[in-house]
Structure formats: structure tokens, C-alpha cells
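# Remarks on the overall topology
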Amino acid sequence: MKKWLAALLAALMVVVCACAVAEDFKVTDEVAFAVTDEYNDRALIYVAIEVENVAGKPLSLGYQSSFTVMDQNGKEYSEGTFMSMYPQSIAPGEKGYILPSTYSLTELKSYEQVADYHYELVGGDPSYFTCDKYETSIEDHDGRILVKIFNSTGETIYNPSLVLIYRGSEGQLLHVETNYLYDYGIPAGMSAYVDMTPRKEVRDFFSDNGYTLEAAESFAYVTNYKY
């Protein structure tokens, strides 16, 4: 894995310049790595792109945004992939985290097959929904990383999304975990704990490559659509 990580870091110097980013977004940090699934014959590809809204207006991630993975032979894989931003809307000057979904790329059987990637980011109009944020805190329970979301409002909040950002010792972005509490409500004045510990393959990857994952910051939000 160390050899592949070194190759990736060298490739990123080229890949980042090759990616297309709308003027609305400024990429402030980025990380990418791949591991082999312990239980299934497939590669698990992790990419996190930290962006800042420099548009002067609220932004979402446009549906035209795209993500493509390349293997060692230059073959491209993109069918079924899509990108999501957390939170779904960011205000001017606010940062968001864009994560591609690559679970559909089952043809890639090992991390060693993953050689490169490319993305295009397009700004979108979030006027048809709002994102309400809620207070969170991070707790370490013997290696299990829990995010606590507290409902300080006077009403039950439903279906919150949670984001946990892991950074290295120098503050660099290393990994982003997300979770969505589907069909779940937190009554007013109550809290919920969510396990946001990275899966074993991810923890082993960073440990093997000499990095320490530090749970640096978290946030939770609820997306409310205007019908």
C-alpha cells in the first residue's frame, strides 16, 4: 500500500490540475485513496474534496457534476457514480465536502487496479431547499468514534445527516465519514449518538502508511425541501 500511496500523491499534482471546477467553488483540500474490501472481491475508493463557496450566493452541487476512475490501463469507469456535497447547500464563504459514490464500480477488484481519477464540479441553485445545522460533539470510546447530535430546538428533528472530518497531525484532510439517520427523530432537548468509526480497511490503510487519523470536527444538518 505504501508504494501505491506514494504514486497517488505524485499523481495528484497532475490530476488536480486536470479536474474541472466551476468558478463558484474553490478547492481548499483534497484526499484520495483505495483499499481492497475484506469481505467482497472489489476495491473501495475514497475521495473527499473540500470546497469553499466563492460565488457570493448560496450554492449546491449541480447535477451535471461527474466523477471518473481510471485503472492502470487507462480504462475509464464512471457508470453509476454520482457526487454528493455535505451539507447540500453552503453559504458564501462556507466550506462543504464533496464525496463521490463509487460502490457501483465492481469491476475494480483490488486497490492496485486504481490508478487515477477525474472530476467536474458544477455549481447548483439551492433555492428549493434549506439546510438547518445542529450542534454536535465528538467522543472517543476506546477507539470507537461517536458523534453526539443535540436537539436544542423546541421540536423533534427528523432524518439528520452527520459528517465527521478526520485530519492528520498537520491539519491536512485525510478522510470524511458520513451517516444519515433515515426515518429517525430526535425529540426536543434530547441527544443521539452515532458511531462514525471508519471501517477496518480504512484504519489499517492509514496506520500502515504512518498516518494518525484524528477526528477533528463534525456537524449535523437536516435538509428541508420547499414543495
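Shown above is the structure to which this text applies.
This report concerns the structure included in the present document. For clarity, every value in this text was computed on a predicted model and none was experimentally measured.

With that settled, the discussion passes to the side chain of Thr136. Topologically, Thr136 is positioned in strand β11 (residues 129-141). Among the polar contacts listed, one links the side chain of Thr136 to the side chain of Ser218, at a separation of 2.8 Å. Ignoring anything within four residues of it in the chain, the contact list for Thr136 reads Val147, Lys148, Ile149, Ser218, Phe219 and Ala220.

Attention now goes to the sheet that holds strand β3 (residues 43-53). In a beta sheet, neighbouring strands pair by backbone hydrogen bonds and run either parallel or antiparallel. Taken in spatial order, the 4 strands of this open sheet run β2-β3-β8-β7, and their pairing is antiparallel. Among the strands making up the open sheet, the edge pair consists of β2 (25-36) and β7 (82-86). This sheet shows a mean twist of 20° between the axes of neighbouring strands, independent of strand direction. Of the strand pairs in this sheet, β3 and strand β8 (residues 95-101) are connected by 4 bridges, and their pairing is antiparallel. Bridge pairing in β8 places Glu52 opposite Lys95. Across the sheet, helix α2 (residues 200-208) is in contact with β2 and β3; its angle to β2 comes to roughly 100°.

What counts as what
Residues numbered from 1 in each chain as written. Predicted model: local features only at pLDDT ≥ 70, side-chain atom pairs only at ≥ 80, totals over all residues. Heavy atoms only, no water. Helix = DSSP H or I, 4+ residues; strand = E, 2+ residues; numbered from the N terminus. Polar contact = N/O pair within 3.5 Å; in protein donor to acceptor, adjacent residues only side chain to side chain. Contact = heavy atoms within 4.5 Å. Pairing = 2+ DSSP bridges. Axes fitted to C-alpha atoms, helices over the stretch in contact; angles between N-to-C directions.

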